[in-house]
Amino acid sequence: MFRHIVLLRWVDDATDDQKAAVVAGLETLPGAIPEIKKYVIGSDAKVNEGNFDLGVVADFDSADDYLVYRDHPVHLKVVADFIKPIAAGRAAVQFPLG
């Protein structure tokens, strides 16, 4: 198994509708990209100051399957249409499980 984790921070003037559109867009990806084995999206619980605003954890059978997801046109469209317009920061890591 191979895991991808991404954290996103929104610009201060991002609206609730824009944030919801990001989540809605991301939620379409497992249905469009069969290489995704598990996909979890969550907004920060606001327990600690300075955290990112949204986290995504995606699991794949292999690094090659992750690359299919990374470069998939549906994923790239969600990033371009919904994430980039309100993103102030991004952090990511990928690693094998097991």
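See above for the structure.
Treat the numbers as computed from the prediction; the structure is a model and nothing was measured.

Cut-offs applied
- Residues numbered from 1 in each chain as written.
- Predicted model: local features only at pLDDT ≥ 70, side-chain atom pairs only at ≥ 80, totals over all residues.
- Heavy atoms only, no water.
- Phe/Tyr/Trp six-rings, centres within 6.5 Å; stacked < 30°, edge-to-face > 60°.
- Helix = DSSP H or I, 4+ residues; strand = E, 2+ residues; numbered from the N terminus.
- Buried < 20%, exposed > 50% of the residue type's maximum accessible area, 1.4 Å probe, protein only.
- Lys NZ or Arg CZ within 6 Å of the ring centre and 35° of its normal.
- 1 Å grid on protein atoms, 1.4 Å probe; cavity = no way out; pocket = protein on both sides within 12 Å on 5 of 7 lines; lining within 4 Å.
- Points joined across faces, edges and corners; volume = space filled by probe spheres on them.

Enquirer: I'm lost on the packing of aromatic side chains in this one. Help?
Expert: Here the distance between the centres and the angle between the planes together describe a pair of aromatic rings. Within the structure shown, the criterion is met by five aromatic pairs. Judged by centre distance (6.1 Å) and plane angle (65°), the ring pair of Y39 and Y69 falls under edge-to-face. Linking Y39 in strand β2 (residues 36-43) with Y69 in helix α3 (residues 63-71), this pair joins segments that are 30 residues apart in sequence. Judged by centre distance (6.3 Å) and plane angle (40°), the rings of Y66 and Y69 are tilted. Of the two residues, Y66 and Y69 both sit in helix α3, three residues apart, roughly one turn of that helix. Across this residue pair, the class does not change: Y66 and Y69 are buried. Cluster of aromatic residues (ring-pair linked, three or more members): F2, Y39, F60, Y66 and Y69. One Lys or Arg, R9, reaches over the ring of F52 and ends 4.0 Å from the middle of that ring.

Enquirer: Before we go on, may I ask you to explain the layout of surface pockets in this structure?
Expert: Unfilled space is identified by rolling a water-sized probe across the atoms. A volume near 280 Å³ is recorded for the largest pocket. For the largest pocket, the lining is made up of 16 residues, of which V6, H75, V79, I83 and R90 are closest to its centre. Elements that contribute at least two residues to the lining of the largest pocket include exactly β1 (2-10), α3, α4 (73-83) and β4 (87-96). Ranked by residues supplied to the lining of the largest pocket, first place goes to β4 with four residues.

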